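So you can see what is in the structure, the chains are spelled out below.
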Amino acid sequence: MAEAERIIGTPDIPDAEGADGAEPQRPAEGTEPSQGAESTRGDAKGAEPARGDTEGAEPAGGDPATGGDPAAGGDAAVGGRRRKKILVLLCVAVLAYLLDLVSKTIVVAELEHRAPVEIFGDWLKLEVIRNAGAAFSFGEAFTVIFTAIASVVIIVIIRLARKLYSLPWAIALGLLLGGALGNLTDRVFRAPGVFEGAVVDFISPAHFAVFNLADSAIVCGGFLIVILSFKGLDPDGTVHKD
């Protein structure tokens, strides 16, 4: 009997169970790869804060409108200030120009070739004259030269506007620009001809030359520039001390 068992062999139960493929699932659940997979899942879950960090990184990266460059944001702010000062310059210039143009149109239509109109007795009158010279009727023989000077003044003011960061300078340059454009309009479009036209003057104080609102704007702008220069304030907003 023992010899028969030895010849036939006794079936190995554990090996037989393993051959059927039913039991290997139990060891698979406890193996290290499963732990590694669980760890991988945990790492994947733990990686989500990195996405949140990326989403929350905008303050450190700068303003998206400027491409994330803080220096670009500073340049944009400086450019915005300069544009505001240029806007003030243009508004002052347009206001001075329109006041001058409208006043000349009215007095030419209503007062030219008529007796002077007294405002404050003999101290201030409205009297229309045609001035071929500079402001306050000076230099009537140099009409073309004064026309060229007015054109140069306008070009210089436009060039200065590129580095304008001072509000007082914006007002002063706006007055100069509006006044120069007002008188230049007369020289270009009024008789006797282009670039030789006579400027309309109508404000006549006692014991003083006759002038117009454009002349007043030019004088006020020039006076303000002198004050700013004495104070050491430059058009770019810096203050220098001699």
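Residues numbered from 1 in each chain as written. Predicted model: local features only at pLDDT ≥ 70, side-chain atom pairs only at ≥ 80, totals over all residues. Heavy atoms only, no water.

1. Some thoughts on the pairing of strand β3 (residues 199–205)
And step 1. By the criterion of burial, β3 is predominantly enclosed, with six of the seven residues buried.
And step 2. The pairing of strand β2 (residues 124–131) with β3 spans six bridges and is classified as antiparallel. When the sheet's bridge partners are listed, Ile-129 is paired in β3 with Asp-201. (Buried < 20%, exposed > 50% of the residue type's maximum accessible area, 1.4 Å probe, protein only. Helix = DSSP H or I, 4+ residues; strand = E, 2+ residues; numbered from the N terminus. Pairing = 2+ DSSP bridges.)

2. Side note on empty space enclosed by the protein
And step 1. The full count for this structure, using the stated rule, is one cavity of 30 Å³ or more.
And step 2. Residue assignment for the lining of the largest cavity shows that the elements contributing at least two residues are α7 (70–110) and α9 (167–189).
And step 3. With four residues, the single largest contributor to the lining of the largest cavity is α7.
And step 4. Looking at the lining of the largest cavity, its residues break down into two nonpolar, two polar and three charged. (1 Å grid on protein atoms, 1.4 Å probe; cavity = no way out; pocket = protein on both sides within 12 Å on 5 of 7 lines; lining within 4 Å. Points joined across faces, edges and corners; volume = space filled by probe spheres on them. Nonpolar A, V, L, I, M, F, W, Y, C, P; charged D, E, K, R; others polar.)

3. So, the packing of α9 against helix α10 (residues 213–231)
And step 1. Packing of α9 against α10 leaves a shortest axis separation of 8 Å and a crossing angle of 150°. The orientation of α9 with respect to α10, classified from their angle, is roughly antiparallel. When the axes of α9 and α10 are compared, the crossing they make is left-handed. From α9, Pro-168, Trp-169, Ile-171, Ala-172, Leu-173, Leu-175, Leu-176, Gly-179, Ala-180, Gly-182 and Asn-183 reach across to α10, where they touch Ala-214, Asp-215, Ala-217, Ile-218, Cys-220, Gly-221, Gly-222, Leu-224, Ile-225, Leu-228 and Ser-229.
And step 2. Along the lines of polarity and charge, the residues of the contact of α9 with α10 split into 15 nonpolar, six polar and one charged. (Axes fitted to C-alpha atoms, helices over the stretch in contact; angles between N-to-C directions. Parallel < 35°, antiparallel > 145°, perpendicular 65-115°, else oblique. Left-handed = near helix turned anticlockwise from the far one by under 90°. Contact = heavy atoms within 4.5 Å.)

4. Observations concerning the side chain of Asp-186
And step 1. Relative to the helices and strands, Asp-186 is located in helix α9.
And step 2. If we skip the residues at most four places from it in the chain, Asp-186 touches Lys-104, Gly-197, Ala-198, Val-199 and Val-200.

5. Regarding the sheet that holds strand β1 (residues 117–118)
And step 1. Strand order in this open sheet of three strands is β1-β2-β3, and the pairing throughout is antiparallel. If you trace the sheet from one side to the other, it starts and ends with β1 and β3, each paired once.
And step 2. As paired elements, β1 and β2 share two bridges and run antiparallel to each other. Bridge assignment links Glu-118 to a residue of β2, and that residue is Lys-125.

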